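Coordinates in review
What follows is each chain in one-letter form.
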Amino acid sequence: MSNHTIFDKILSKEIPAQIVYEDDFVLAFRDIQPQAPVHVLVIPKTKWVGFSALQDAAPLAVGEFFTRIAKVAAQLGLDAKGYRVVLNNGRDGQQTVDYIHAHILGGRGLTWPPG
Ligand code: AMP
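Notes on the structure follow. (Residues numbered from 1 in each chain as written. Predicted model: local features only at pLDDT ≥ 70, side-chain atom pairs only at ≥ 80, totals over all residues. Heavy atoms only, no water.)

1. Description of the site of the ligand
Neighbouring residues of the ligand: 16 residues in total, closest Asp31, Asn88, Thr96, His101 and His103. One nitrogen or oxygen atom from the side chain of Asp31 is found 2.5 Å from an oxygen atom belonging to the ligand. Measuring from an oxygen atom of the ligand, one finds a backbone N or O atom of Val97 at 3.2 Å. Contact with the protein chains removes 84% of the 510 Å² of surface that the ligand exposes when unbound. Listed by contribution, the elements that provide at least two residues to the shell around the ligand are α1 (6–11) and β2 (26–30). When residues in the shell around the ligand are grouped by element, the largest group, three residues, is from α1. Split by residue class, the shell around the ligand holds seven nonpolar, seven polar and two charged. (Near = heavy atom within 4 Å. Polar contact = N/O pair within 3.5 Å; in protein donor to acceptor, adjacent residues only side chain to side chain. Areas by Shrake-Rupley, 256 points an atom, 1.4 Å probe, with all protein chains shown as cover. Helix = DSSP H or I, 4+ residues; strand = E, 2+ residues; numbered from the N terminus. Nonpolar A, V, L, I, M, F, W, Y, C, P; charged D, E, K, R; others polar.)

Structure follows, in structure tokens:
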């Protein structure tokens, strides 16, 4: 496992990001290639490589991560109209960064199914 993914570097402030929320548990920042008017990534400060790793994770830590995703979406003003949370996992899931991250996508009507 690399400790130097782009998200490790954003978390350590080695490289800049447009941070929208931070607390003891998570960092949230705008996606550099937004796929919707609002596209924010939420990463936990406890690193898991991907969603699969949550099988062995402490439930309390996973809960902190998930409650923050909902909180960030609310703070972005997305509760009224709704939004999508996406966690791409592994090769077929099109995960490109080996640091778990939740995409919050909103600000327009989203289509289904995803590609
Ligand atoms: P995924 O395909 O689920 O692994 O998503 C990775 C996301 O990270 C993509 O949507 C990228 O646009 C985004 N991304 C990559 N580098 C950066 C960066 N430096 N700052 C913000 N978002 C980034």
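2. Considerations on the nonpolar core
One broad trend across soluble globular proteins is that nonpolar side chains are buried collectively. Counting residues in each nonpolar core, the largest one holds 18 residues, and the members touching the most others are Val42, Trp48, Phe65, Val72 and Ile104. Secondary-structure elements contributing two or more residues to this core are β2, β3 (38–44), α2 (59–75) and β5 (102–106). Take this core: its biggest share by element is five residues, from α2. In this view, Phe65 contacts Val26, Val42, Ile43, Pro44, Trp48, Leu87, Ile100 and Ala102; residues no more than four positions away in its chain are not counted. One finds Ile10, Leu27, Leu41 and Ile43 within the second-largest nonpolar core, a separate group that totals eight residues. (Core = buried A, V, L, I, M, F, W, Y, C linked by side-chain atoms within 4.5 Å. Buried < 20%, exposed > 50% of the residue type's maximum accessible area, 1.4 Å probe, protein only. Contact = heavy atoms within 4.5 Å.)

3. Some remarks on the side chain of Asp23
Relative to the helices and strands, Asp23 is located in the loop between β1 (19–22) and β2. Within polar-contact distance, the side chain of Asp23 engages the backbone nitrogen of Val26 at 3.0 Å. In terms of polar contacts, Asp23 uses its side chain to reach the side chain of Arg68, at 2.6 Å. The contacts of Asp23, once residues within four sequence positions are left out, are Lys45 and Arg68.

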